[in-house]
Structures are given as structure tokens and as C-alpha cells.
Amino acid sequence: MNITEYLQNNLVYLDGGMGTLLQEQGLMPGELPERWNLSHPDVITKIHRDYYDAGSNVVSTNTFGANLLKFSHEELKNIIKAAVENARRAAEESAGTQKKWVALDIGPSGRMLAPYGDFDFEDAVSLFAETVKLGVLCGVDLILIETMNDSYETKAALLAAKENSNLPVFVSNAYGSDGKLMTGASPAAMVSLLEGMGADAIGVNCSLGPKALSPIVEEYLKYSSLPVLVKPNAGLPKAVDGKTIYDVSAEEFTDEVCDMIKAGVRICGGCCGTTPDYIASLCRLSGGIMPRPILEKELTMVSSYTHAVVFHQTPVLIGERINPTGKKRFKEALKKNEIDYILKEGIAQQEKGVDILDVNVGLPEIDEVFMLKTAVCQLQAVVDLPLQIDTADPVAMEAALRRYNGKAMINSVNGKKESMDAVFPLVKKYGGLVVALTLDENGIPDTANERVMIAERILAEAAKYGISKKNLIFDPLALTISADDKSGRETLKAVRMIKTLLECHTSLGVSNVSFGLPRRDIINSTFFALALQNGLSAAIMNPYSDDMLKSYYAFLALSGQDKNCSRFIEFAETLPQPESVAVQKTKKTEAEYASELQKNIIKGLKDASGALTKVLLKSENPLDIIQNEIIPALDIVGKGYEEKKVYLPQLLMSAEAAKAAFEVIKESMPESTDANKCTFVLATVQGDIHDIGKNIVKLLLENYGFAVIDLGRDVPPEVIVSEVEKQHAPIAGLSALMTTTVPAMEETIKHLRNKTPWCKIIVGGAVLNPEYAQAIGADFYAKDGMEAVRIADNIYQELN
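All values derive from a computational prediction rather than experimental measurement.

Reading the values: rules and limits
- Residues numbered from 1 in each chain as written.
- Predicted model: local features only at pLDDT ≥ 70, side-chain atom pairs only at ≥ 80, totals over all residues.
- Heavy atoms only, no water.
- Helix = DSSP H or I, 4+ residues; strand = E, 2+ residues; numbered from the N terminus.
- Buried < 20%, exposed > 50% of the residue type's maximum accessible area, 1.4 Å probe, protein only.
- Contact = heavy atoms within 4.5 Å.
- Areas by Shrake-Rupley, 256 points an atom, 1.4 Å probe, with all protein chains shown as cover.
- Domains from an automatic or database assignment.
- Polar contact = N/O pair within 3.5 Å; in protein donor to acceptor, adjacent residues only side chain to side chain.
- Pairing = 2+ DSSP bridges.
- Axes fitted to C-alpha atoms, helices over the stretch in contact; angles between N-to-C directions.

K.L.:
Give me the overall build of the chain: which residues, what numbers.
P.N.:
Each helix and strand counted, the chain has 31 helices and 25 strands in total. Viewed in the frame of its principal axes, the chain has a C-alpha envelope of about 80 × 70 × 50 Å. Scored against the burial criterion, the 800 residues of the chain give a buried share of 58%. The contacts of the chain with a sequence gap of at least 6 include a subset with a gap of at least 24, amounting to 75%. Surface summary for the chain: the accessible area is close to 32,200 Å², and the carbon and sulfur share equals 51%.

What follows is the structure in C-alpha cells.
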């Protein structure tokens, strides 16, 4: 029996922490734990065996950081082979009689993926693929992808696992105290992405203790149709007498996790700070709990890198303006590869309140595969809305879907066999909510009944690929009433029948209905209102049309979907009074012009920010631009980030846009001009190759005027001390992600205190907190990049 079959009727117990146990056995600061598979096989085997003896069904190989960024291919091969052998031997030697499996453990790469970092998505896929292939070759039973704090890297790892094995894949993400991943994804967004891509179980681990993880687990149970797993930490770490301890006991841990099992969690174990005693307690006290059934949620969802959009009661608005049809300027932008034009169109539609952006770049004169992939990636860097990938070219569709960060809408498939044969395999592989047009080889039927029959055939064919109806949304096709005065009526009837008879969602390109008629908004808005009344789930529409938005918000208010009419009132307040329209337009134009550079920096438009800075330099002093335009824009974004209104990717793209503006200014300033505040030496400590947090801090500090010396990752204490001495740097920043590298951070701090007592030390990383930072001797703990900037600024002000 494989583990997915066993899961159907049983609880599955995972193992607990590894790093803290290795430290107790003598793992030195900066030493790579994966090498212990070869140098200390007996120690590793005993830890695995202790977990099996405690009751674990699944033990994960000691390969959390085993990848080609750390090891040569030959060493990686030997490490994974030894790791699997150690786990297998432990299973054979264990006295436990339970079912046992060995999981290939895969952790994050430690690199930030583009566009926010310099690691390409396909390079990440290749990196994980090599580890997967070696694990499969060595005979693991399943793959556990864990502690991922970025949705895009999670997708890369899952894609690598699915493309290079037929094994079950469990995926677990690490959430912050705000209930989101580091790059902003909500639990619902991750459920949407991972379930769509075909993970076998999904859940959460690390970061927090069981009580703090409970609300996140509740969200998973609400949205997921897959088994949900949880592996909490044993609370928060503390340093006591030179040792790292955690503040949640085995008994407290067990009580909290048992409550999660009663709520529906099917797979459980522990992460940092947990030991075989924790797992033994959990197995013993949860053994009598009857597993709750794993239910199909039947939720139709799409997602971006931050959030999911659920098709439920409130109709979804899809912005139609990123499409060259009938748009001369848009066509010119595509031909000239003016990506900024597309980005501004996306931002403008988001500001108008749409839920999803349709993205269509199909022109015969351009390379649609390249342009669609580029447009999708660039749009996701500046807007956080889900996208609808709109193309008739399956090659372009796959290129965009592969790079898309989330679960996309796909526009479209139809009832023709060749269409379904091309599109459904892509939906199955990458996930997606596919728009199904009710036409076939005979064209578009005249009647609603015939369109529903095509919808039924599409549903049946999709089921053969394992695509459920919740991942199909039907477009019964709005045809122009100027050519057939009955077509509008039949489309509305088809909308109603698909909703009531097939229990499926519907979408329409509303504006098609008025083609060839004058004052099209009048027809479009009225047809839209009628379609909503007939149960329309989503509309591809022009968000700049006040008439369309009037119909939408009025419908929500009249149908009881707008509590206290708050959305309608908010929208109504944006509508100008007739007599003051011209005045308001003038004021708006002047206001936008006055803050155009700030707006482009805030929105993360890098090229536009650089170009606007060049224009401003003709009339303004460079330092005035920095103080009056760039820094205020960064402050706005930084404040939004600290208030959890802006997500990390938006913060990083704004910083990149500001950097582009700074570079233009730097070129115009005399070499003798020094705009820097003071020197800041930055490093990831020895033994840790994770540099995402460090790189974020570097980018932000540079934008705020600090001269950052980045020593990179896996940096020995003596190198850091030497550079601080050489520069007489007043501030040093140290980063660590893993519990096994915190001792190296503590060692570095001791050296800095001894050799450079003037230097203030800021530390950060997922395994730290203020108390722990103080205990290891740091001056300050920064929970994120913006806090590091604030602390550094305060230090600088005190020095001056």
C-alpha cells in the first residue's frame, strides 16, 4: 500500500526536528548538516530510528539543503544516496510495527527568484529537478517539499517533482505571524496553486508554534480538498546557557496538534525544536481520534502570488483592456516591445477595481510566445491581481502558464476536439480555471439548449483528464444583437441554464453584444445587468466605463450582496458632478503630473522612473529629487509594507524603480559628491547559503543612502570582522535562516565585540526573535528589511 492509499483512512505521522538534534551531537557552527550523512551515518540513522520508534510513519531524509548550489554533482549524489540508506536502515532496525515510508526532504534554495531576485524560474526548476532525480534513483517513497516561504519557488519545486517522478508529493509552506508567506501569499492562494498543480497533500510547517499556526491551518481546511499536513515548531527559540531551547513543551505541543487533528488535519509531525519525545507524545494521545473525512470543497478559485479570487456569490470583474483588438496605440506598443505601456494599463485597471486582468497580446507581426510570457511575468511584478491568459496558441499558453505565479484563468477551450486535446493537458499539468466556449466544429449554435449540450460534452471530456467542473467556467458567447435581435435573449437563457442545470459558473465578454451600434455603453450596461440577474459569475468588461460600473455596483446593492451599500456608496463618491467634471479633470491631471515620479516608483515601474528622472534633472537639483521625490515614495511604500498593506514583491519592485532613478542621478552628479550616510557591512553567516533576506536589506539600505558592503553568504566570522575593521563600519548586519547556523551568528558576534567594539550589530532571519537576538549578543533584531532601515537610520542619526 502506498502512502496516498493509506492516507484515505488513516492519520499519518511525520518525524520532528533534525538540526537541533545534530547540534546536540556536535554539529559545529557553519558545518553543513547534509555532510553528516557520510561522516556520521550512525548518528543520522539513530535519529531516524528514534522517530520511527516514537511512531512516525514517515521519516524525512537529512537532505533539507542538499542541492547543486551547495555541493558538486558527485558529492550531492553521494549525500542523497547515503541519506536514503540511513533512513532505510533506521526503518529496518526500528521496533515500531506501524507502516513506514522514507521521504526525500527538499527545502528552499535560499535564492530569490526573478523578477525580485537574480535566480531564474527555470534555473530553480532545474536545481530542484537534480535533487528529485537522485532521490528517485535512490528509492525514496515520496517527496516532501517543506519550509517554502515563496509561492514561486514552491511552484518551481513542485513542477520539478512532478516532471521527474511519479511519486506522491507533499508540499508545506512556512508562514509568518501575519498569516502570509514572506512574498505575500495567503493560505487560500497556496491551496489554489498547489491543488491545481496536483500536489498530494499540502500544509504548513516551521516559523511558529502550534497555537500560532492554528488560524492558518483553519484556512487550509476551509479551502483544501486535499489532505492537510501540519509540522509546527516547538514554539520560539531561546538561548539558555549557550544552548538553544524552545518554549512549548511536548505536552502543550500535543494538545494543540490534537485539536488540529480533530478539526480535520490528516498528517502531522514537528519542526524546529521538536524531538522523538514530542512525536511519541503526539502518537500516543492522538491515536484514538477518528480522522475526519477529506471532502471535496467544490470551490472555483484562481490566484495570484498574494491572494485567491473565489467565484461564489459576488460576480467577478475581469478587465479587458490588455488586448490589441481595436486599439491602435496598444498594437504599436506591442510591435515596439513597450512593456511599460502594458504595465500601466494593468495598474490603471487594478485601480478601477477589477478582480482579474485579461492578458491578450496576439498580433500576427510579433512573437506571441515571447511577448505573452514576458507580459505575464512583468505584470505580476507590478500588480497583485490574478491574470487570465488569453490566447489561441497552445505554445504561447504553456509558456505563460509555466511562468505564472499562482493559478491562472485560461482563455480558452471550446467544444472542438483539437482544442480540448491541446488545452486540457496544460490545465492538468499547471492548474488553471479554463474558460470553455460553447461552440464546436459546427460553429456557435443559435439556441441556448444547443450551447448547453456543448457544455455537457466539454465537461465529459475534461473529466477524462481528471479536471473537475469547478475548474471550468463556461462562456455561452454574447453575439451582436445588431445582426440577430434574438441572440441576446438566447445568451441570457444559456447563462441561466448552465448555472441551474449544470451547476457551473459562467463568464461573458459583455461588450460583444453591442457591436455595430451607436452609444454602445447603453446596451452593454443594460445587458450586463440582465446577465447578472440571470446568474452570471464573471464578466470581461471595460472598467473605465462608468455605465458598466454603475450597473455592477447597483446590482450588488439591490441583490443584497453589499452590506450597508458600502461598496455602492464608495463608488458613487468617485463619480463627478456634471457641472464640475471639467474642473475635476484639470485638477486630476495637475496632481498626477506633480507626483508622476513618485507614482512610478510606488508602482515599481523601473524604466519609466529612470526616464522621468532624466526629465526632472533638466530643471531640478539632483539632491532635491532624492529628498522630495524618491525618498518620500519609498517611505510611502515602506509604511504600507509595515502596515501589511503592501507585500514584499511590491516593496522590492518599488526599490528597484527607485534604484533606477538613483542611477540616473548618480550619473549626473560630480564624482566628489557623496550622498551616502555611512558604511553598513552585510553578510549571511558561515554555513548558511540563504541570502534572500540579506539581499532585500541591501537593496533597501542602498536606496536610503547607506554605503552597503555585501560580503555574500556563508561568510566566516574572521572575514566579517576584517571588513568591519578595514572600513571602521559603524553598523554590521548578520543574517541566518537555519537553526543550525545560529551558533555561527553567535560566534561572529563574539568576534565583532572583541575586535570592533564600536560597531552596532543588527541580526535577522526566520529562526530569530528579539529575545533570542539579545541572548546571542546582538544590539538589534530586525524582523524585516524595512525595520533594518529604520534601525540603521536611528544609529546614523545618533552618530551625527
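K.L.:
Tell me about unusual backbone geometry, residues and numbers included.
P.N.:
The bulk of non-glycine residues show a negative phi, and the bulk of peptide bonds are trans. Across the junction of alanine 114 and proline 115, the peptide omega takes the value 15°, indicating a cis bond. Residue placement: proline 115 occurs in the loop between β3 (101-106) and α6 (121-137). Backbone torsion omega between asparagine 411 and serine 412 reads 20°, so that peptide bond is classified as cis. Inspection of the secondary structure puts serine 412 in strand β16 (residues 409-414). Residues other than glycine seldom take positive phi values, yet leucine 477 does so here, at roughly 70°. With respect to the helices, strands and loops of the structure, leucine 477 is situated in the loop between β18 (472-475) and α18 (487-500). For leucine 477, a relative accessible area of 11% puts it in the buried group.

K.L.:
Which residues make up the domain arrangement of the chain, and what values go with them?
P.N.:
Looking at the chain, the domain boundaries give domain 1 (3-286), domain 2 (302-574), domain 3 (579-668) and domain 4 (679-799). If you average the C-alpha positions of domain 1 and of domain 4, the two centres end up 28 Å apart. In this assembly, 24 residues from domain 1 lie in contact with 19 residues from domain 4. Applying the counting rule to domain 1 against domain 4 returns one residue pair in polar contact (both at pLDDT 80 or more).

K.L.:
Describe the sheet that holds strand β21 (residues 679-684), and please don't skip the residues or the numbers.
P.N.:
With respect to topology, five strands assemble into an open sheet ordered β22-β21-β23-β24-β25, the strand pairing being parallel. Every interior strand has two partners, whereas the edge strands, β22 (707-710) and β25 (780-781), have only one. As judged from the five bridges shared by β21 and strand β23 (residues 731-735), these two strands associate in the parallel manner. Each bridged residue has a counterpart across the sheet, and for threonine 684 the counterpart in β23 is serine 735. Across the sheet, helix α28 (residues 717-727) touches β21, β22 and β23, and the angle it forms with β21 is around 175°. Strand contacts of helix α31 (residues 785-799): β21, β23, β24 (760-764) and β25, with the helix running at about 175° to β24, the strand carrying the most contacts.

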